[in-house]
Amino acid sequence: LALLVVHPLEAREGESGSSSQEGGKSVVAFGDQLGKQADKSSDDAMLPGEDKESVQKEDFSKVDVSESFMLLGGISFVMIMFYLVNHEDADMKYYSWLVISATVSIFAAVLIYSGVKLAVRSFLLPHCFGADNRASSLFSVIEILLY
């Protein structure tokens, strides 16, 4: 089994495998020596022209950590939803779909309400009543009475 790796930089000296030049890029073929590449330390993984002092470890900020937890939480949530809707018990499937349906309906209703309200306030009121604050107040009262 051979693996071809196309690297835009020149192939480093002493790497296992054969190398050739193709279109300004070096192609390095790795065979049985692939496992040895993973055993090298991080100092050997530096790019050509770098020294040990220029390579710094990156510290993660609180925002980076919180984003990673949000990503993992979102993926976990989706995995749980897939588990619940594919459960063996028919009642679990039914109630899982019922809860998902109700949640999506609520989000859609809020989105439609916000869109209609923005459209009415941005396009209908200024063209019909001009910049009259009384018309905007009257519209707000009518909106409260309707809901």
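Residues numbered from 1 in each chain as written. Predicted model: local features only at pLDDT ≥ 70, side-chain atom pairs only at ≥ 80, totals over all residues. Heavy atoms only, no water.

### Comments concerning the overall build of the protein chain
And step 1. The helix and strand tally for the protein chain stands at 4 helices and 3 strands.
And step 2. Helices and strands appear in the protein chain in the N-to-C order β-β-β-α-α-α-α.
And step 3. Out of the 147 residues belonging to the protein chain, those deemed buried represent 7%.
And step 4. Sequence separation of at least 24 residues holds for 26% of the intrachain contacts in the protein chain that already meet a minimum separation of 6.
And step 5. Only carbon and sulfur atoms are counted for the fraction: they give 65% of the accessible area of the protein chain, which is about 12600 Å². (Helix = DSSP H or I, 4+ residues; strand = E, 2+ residues; numbered from the N terminus. Buried < 20%, exposed > 50% of the residue type's maximum accessible area, 1.4 Å probe, protein only. Contact = heavy atoms within 4.5 Å. Areas by Shrake-Rupley, 256 points an atom, 1.4 Å probe, with all protein chains shown as cover.)

### Topic: a nonpolar patch on the surface
And step 1. A cluster of nonpolar side chains, Tyr-113, Leu-138, Ile-142, Leu-146 and Tyr-147, forms an exposed patch at the surface whose accessible area comes to about 590 Å².
And step 2. With 3 residues, the single largest contributor to the nonpolar patch is helix α4 (residues 133-146).
And step 3. As for its placement among the helices and strands, Tyr-147 is situated in the segment after α4. (Patch = residues over 30% accessible without salt bridge, like charges linked within 9 Å, V, L, I, M, F, W, Y side chains within 5 Å. Salt bridge = Lys/Arg side-chain N within 4 Å of Asp/Glu carboxyl O.)

### Observations regarding the side chain of Ser-96
And step 1. Here Ser-96 lies in helix α3 (residues 90-129).
And step 2. Under the relative-accessibility criterion, Ser-96 is labelled buried at 10%.
And step 3. Within the structure, Ser-96 has its side chain in polar contact with the backbone oxygen of Met-92 (distance 2.6 Å).
And step 4. Residue contacts for Ser-96: discarding those within four places in its chain leaves Leu-84 and Val-85. (Polar contact = N/O pair within 3.5 Å; in protein donor to acceptor, adjacent residues only side chain to side chain.)

### Observations regarding a negative patch on the surface
And step 1. The grouping of Glu-58, Asp-59, Asp-64 and Glu-67 at the surface amounts to a negative patch.
And step 2. Within the element layout of this structure, Asp-64 appears in helix α2 (residues 62-85). (Lys, Arg positive; Asp, Glu negative; His and termini not counted. Charge placed at Lys NZ, Arg CZ, Asp CG, Glu CD.)

### Looking at the confidence of the model for the protein chain
And step 1. Per-residue pLDDT for the protein chain averages 73, and the proportion of residues at 70 or more is 56%.
And step 2. The low-confidence segment residues 1-19 (pLDDT under 50) makes 47 contacts with residues lying over four places distant or belonging to another chain.
And step 3. Segment residues 24-39: pLDDT under 50, and 45 contacts once partners within four positions in sequence are set aside and those in other chains are kept. (pLDDT = per-residue confidence, 0-100.)

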